[in-house]
Amino acid sequence: MRRSRRLLIAAVGLIAVAAAVVGSLMLLRAAQTAPSIAHTGAPAPQIALPVVGGGTSNLEGERGKVVLVNFWATWCEPCRSEMPALQHLADDLHDQPFVVYSVDLQEDAERVDAFKRELGLTLYAVLDDNGDVTRSYGVHALPATFLIDQRGVLREQRLGPLLNGAADTVWSAAWLSAQVRTLLATT
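Residues numbered from 1 in each chain as written. Predicted model: local features only at pLDDT ≥ 70, side-chain atom pairs only at ≥ 80, totals over all residues. Heavy atoms only, no water.

> How should the state of the cysteines be read in this particular structure?
What we call a disulfide is simply a covalent bond connecting the sulfur atoms of a pair of cysteines. Going through the model one piece at a time under the given rule, you end up with one disulfide. The residue that forms a disulfide with Cys-76 is Cys-79, at a sulfur-sulfur distance of 2.3 Å. One quick way to see it: the torsion about the S-S bond of Cys-76 and Cys-79 is about 75°, and its sign makes the bridge right-handed. With respect to class, Cys-76 is no different from Cys-79; both count as buried. (Disulfide = S-S within 2.5 Å. Buried < 20%, exposed > 50% of the residue type's maximum accessible area, 1.4 Å probe, protein only.)

Here's what the structure looks like:
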């Protein structure tokens, strides 16, 4: 009886140790596969989302270009205010290896299309239906803007609207334009 009791205790102990090892391995695997948040100096997370008007975006396919990524929504007043400046920048640099990804958060194509028509925008708009890409960039409030270099590395990020001011005002439209032009000159 004592022997079978000891064997039972040993078996329970062995099962507990095995469960702890399996649980630890599962947590380690989950941590390794969890999406990372965008960080300046690191590769920008991929953006592969539906494009308003058809098709799918592919940020990795934009290598060799400077990419400005702007997260926004039609209901966001600061987003609405900065869209004309982003459109102006895209228009000014239309003949350069530069593209603006305007990433709409969780709205449908019809609403985004109506918003673009209302403001006279021709920006490349993509739809983050479930918010996964927005979360991968660490965006918790709109608007948010990220500047990616020709190698796909995140160079600048702003969580919040563009500011008013000249080129010496960090995160003004003029400052952002200067940053893009500096990156374009490094090609």
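Structure shown, so let's carry the discussion forward.
> Looking at this model, I keep getting lost on the confidence of the model for the protein chain. Mind explaining?
As a note on interpretation, predicted positions should not be read in detail where pLDDT is low. Here the protein chain averages 87 in pLDDT, while 82% of its residues score no lower than 70. Counted against residues more than four places away or in other chains, residues 16-34, with its pLDDT under 50, gives zero contacts. (pLDDT = per-residue confidence, 0-100. Contact = heavy atoms within 4.5 Å.)

> What is the right way to look at the packing of aromatic side chains in this model?
Each aromatic ring pair is described using two quantities: the centre-to-centre distance and the angle formed by the ring planes. Going through the model one piece at a time under the given rule, you end up with six aromatic pairs. Aromatic side chains Phe-71 and Tyr-137 sit 5.2 Å apart centroid to centroid with 50° between the ring planes, which places their arrangement in the tilted category. A residue pair is termed long-range when its members are at least 10 positions apart, and Phe-71 in strand E1 (residues 66-72) and Tyr-137 in the loop between helix H4 (132-136) and strand E4 (144-148) qualify at 66 residues. Note on accessibility: Phe-71 and Tyr-137 belong to one class, buried. Among the aromatic residues, those joined into a ring-pair cluster are Phe-71, Tyr-137 and Phe-146. (Phe/Tyr/Trp six-rings, centres within 6.5 Å; stacked < 30°, edge-to-face > 60°. Helix = DSSP H or I, 4+ residues; strand = E, 2+ residues; numbered from the N terminus.)

> Can you walk me through the packing of helix H2 (residues 77-92) against helix H5 (residues 173-185) in this structure?
Packed helix pairs are specified by the crossing angle of their axes together with the interaxial distance, meaning the distance between the axes. One way to put it is that H2 packs onto H5 with a least axis distance of 10 Å and a crossing angle of 30°. Taken together, H2 and H5 sit at an angle that is classed as roughly parallel. Along this stretch, H2 crosses H5, giving a crossing that reads as right-handed. Across from Ala-85, Leu-86, Leu-89 and Asp-92 in H2, the residues of H5 making contact are Ala-173, Leu-176, Ser-177, Val-180 and Arg-181. When the residues that make up the contact of H2 with H5 are grouped by side-chain class, the tally is six nonpolar, one polar and two charged. (Axes fitted to C-alpha atoms, helices over the stretch in contact; angles between N-to-C directions. Parallel < 35°, antiparallel > 145°, perpendicular 65-115°, else oblique. Left-handed = near helix turned anticlockwise from the far one by under 90°. Nonpolar A, V, L, I, M, F, W, Y, C, P; charged D, E, K, R; others polar.)

> Would you mind showing me how to read the sheet that holds E4 here?
Strand pairing in a sheet relies on backbone hydrogen bonds. The paired strands run either parallel or antiparallel. Across the sheet, which stays open at both edges, the five strands sit in the order E3-E2-E1-E4-E5 with mixed pairing between neighbours. Only two strands of the sheet have a single neighbouring strand rather than two, namely strand E3 (124-128) and strand E5 (154-159). Each strand axis lies, on average, 20° off the axis of its neighbour in the sheet, ignoring direction. With seven bridges joining them, E1 and strand E2 (residues 98-105) adopt parallel strand pairing. Counterpart to Val-69 in the pairing with E2 is Tyr-101. Across the sheet, helix H3 (residues 109-119) lies against E1, E2 and E3, angled at about 150° from E3, the strand it touches most. Packing of H5 onto the sheet brings it into contact with E1, E2, E4 and E5, and relative to E4 it is tilted by some 20°. (Pairing = 2+ DSSP bridges.)

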